[in-house]
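# What the coordinates show
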Amino acid sequence: MQHIFVVNPTAGGGEVLETIQKALAGRENCEIYQTKGPRDATQYIRARCEANPEEEICYVACGGDGTINEVASGVAGSPHASMTVYACGSGNDFVKVFGGKENFVDIDALLTARERRIDLLKVNDRWCVNVFNFGFDTCVARTMIKVKSKPVIGGKRAYTTGVVTALVTAMRNQCNVKVDGEYIHKGTMLLCTVANGQYVGGAFRCAPRGIVDDGLIEVCLVKPISRIKFVQLLGPYTNGQHLDDPKFQSVIVYRRGTVVEVEAPEGFAASLDGEIVEGTYFKVEICPGALRFAVPELKTVPDPA
């Protein structure tokens, strides 16, 4: 099996590329592809798969959830292509369902990892590996992008700036959400996650019952709440206990389904595997077994759902 490590050459100031180059030195059937810009990985993989449709290749996404999305978007639909992850990103939310990044940093284990079929989400015409979410946390993400290079409120303080901004401006977000043809909510809400994986935002276990190969989408919507209630919810939501905590049953709507539709006003934005996308209508569909994904032998065991 040929392995192609897909690397952003500027990641970590170039240290990620240097580390991988050293790890692969002298190894056969391994090569490195250095990306040239956003979505270049997807375009490269698709082009190679189309030019060599019988070629068995495992593409290794070297990075976090954004890189995983780009690689998966290129691999999906190509019967002889598969992927795995060398987890060196900042969030690494998706691989937490397989026990965390510790299971995806051993090169030898990655090269011998066993493949399994996992589901993908299709959001309009784009693939989503982990979570499509909107509301409060999308406001946080948008603010972080705007201020990350600014003094005082940017840099390491960008996340805090995002949260403070969202607490002021994003406690009530207008949209309608439908699951398998039935409206589960109309009007304003705090946030909503439409998940294949379990984690979002680097720490939050938004979909603790999520299984990546069950053919179902996890939908968790939180209705508008006070800022005091928000603070009370934060701990259980982070730990994945919010679906079973009776204190929050009146403000949480949880469903499983195969098709989710979101209707929203102009200017609405959502996060697709961490990338901000804008639109007034999103259709999210589950695509069972759409991706061949190689999982190394686990060194740490995932938390039970």
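Conventions and cut-offs
- Residues numbered from 1 in each chain as written.
- Predicted model: local features only at pLDDT ≥ 70, side-chain atom pairs only at ≥ 80, totals over all residues.
- Heavy atoms only, no water.
- Salt bridge = Lys/Arg side-chain N within 4 Å of Asp/Glu carboxyl O.
- Helix = DSSP H or I, 4+ residues; strand = E, 2+ residues; numbered from the N terminus.
- Buried < 20%, exposed > 50% of the residue type's maximum accessible area, 1.4 Å probe, protein only.
- Axes fitted to C-alpha atoms, helices over the stretch in contact; angles between N-to-C directions.
- Parallel < 35°, antiparallel > 145°, perpendicular 65-115°, else oblique.
- Left-handed = near helix turned anticlockwise from the far one by under 90°.
- Contact = heavy atoms within 4.5 Å.
- Nonpolar A, V, L, I, M, F, W, Y, C, P; charged D, E, K, R; others polar.
- Pairing = 2+ DSSP bridges.
- Phe/Tyr/Trp six-rings, centres within 6.5 Å; stacked < 30°, edge-to-face > 60°.

## Describing the pattern of salt bridges
- Under the criterion given, the structure shown has 14 salt bridges.
- Between E278 and R142 there is a salt bridge, with its nearest N and O atoms 2.8 Å apart. On the criterion of sequence distance, the pair formed by E278 in strand 17 (residues 275-278) and R142 in helix 5 (residues 136-147) is long-range, its members being 136 residues apart.
- Relative accessible area serves as the criterion here: at 54%, E278 is assigned to the exposed category.
- We classify R142 as partly exposed; its relative accessible area is 27%.
- Between R209 and D244 there is a salt bridge, with its nearest N and O atoms 2.6 Å apart. Of the two residues, R209 is situated in the loop between strand 12 (191-195) and strand 13 (217-222) and D244 in the loop between helix 7 (227-239) and strand 14 (252-257); the sequence distance between them amounts to 35 residues.
- When its relative accessible area of 27% is taken as the criterion, R209 is described as partly exposed.
- One salt-bridge network, in which partners are shared between bridges, spans E31, R48 and E55.

## Looking at the packing of helix 2 (residues 40-51) against helix 3 (residues 65-75)
- Taken N-terminus to C-terminus, the directions of helix 2 and helix 3 make an angle of 25°; their axes are 7 Å apart at the nearest point. When the axes of helix 2 and helix 3 are compared, the pair comes out roughly parallel. Seen along the crossing, helix 2 lies across helix 3 with a hand that is right-handed. Facing helix 2, whose interface residues are D40, A41, T42, I45 and R46, helix 3 presents E70, V71, S73, G74 and V75.
- Residue composition of the contact of helix 2 with helix 3, by class: four nonpolar, three polar and three charged.

## Focus on the pairing of strand 18 (residues 281-295)
- Inspection of the sheet shows strand 5 (residues 114-123) paired to strand 18 by nine bridges, in the antiparallel sense. Of the residues in strand 18, the one forming a bridge with I118 is L291.
- Pairing of strand 15 (residues 259-263) with strand 18, which is carried by five bridges, proceeds in the antiparallel orientation. Note on strand 18: the bridge partner recorded for E261 is K283.

## Here's the deal with the packing of helix 5 against helix 6 (residues 158-169)
- The geometry of helix 5 relative to helix 6 is characterised by a closest axis approach of 8 Å and an angle of 130° between their N-to-C directions. Here helix 6 runs oblique to helix 5, going by the angle between their axes. Taken as a pair, helix 5 and helix 6 cross one another with a handedness that is right-handed. From helix 5, F136, C139, V140, T143, M144 and V147 reach across to helix 6, where they touch A158, Y159, T161, G162, V163, T165, A166, L167 and T169.
- Classifying every residue of the contact of helix 5 with helix 6 by side-chain character gives 10 nonpolar, five polar and no charged.

## Regarding the packing of aromatic side chains
- As enumerated under the stated definition, the model contains 12 aromatic pairs in all.
- Summarising the aromatic geometry, the rings of F94 and F98 are spaced 5.7 Å apart at their centres and angled 75° between planes, so their arrangement reads as edge-to-face. F98 shares its class with F94; the two are buried.
- Their ring planes at 45° and their centres at 4.8 Å tell us that F136 and F230 sit as a pair that is tilted. Here F230 lies in helix 7 and F136 lies in helix 5, a separation of 94 residues in the sequence.
- For F136, a relative accessible area of 6% gives the class buried.

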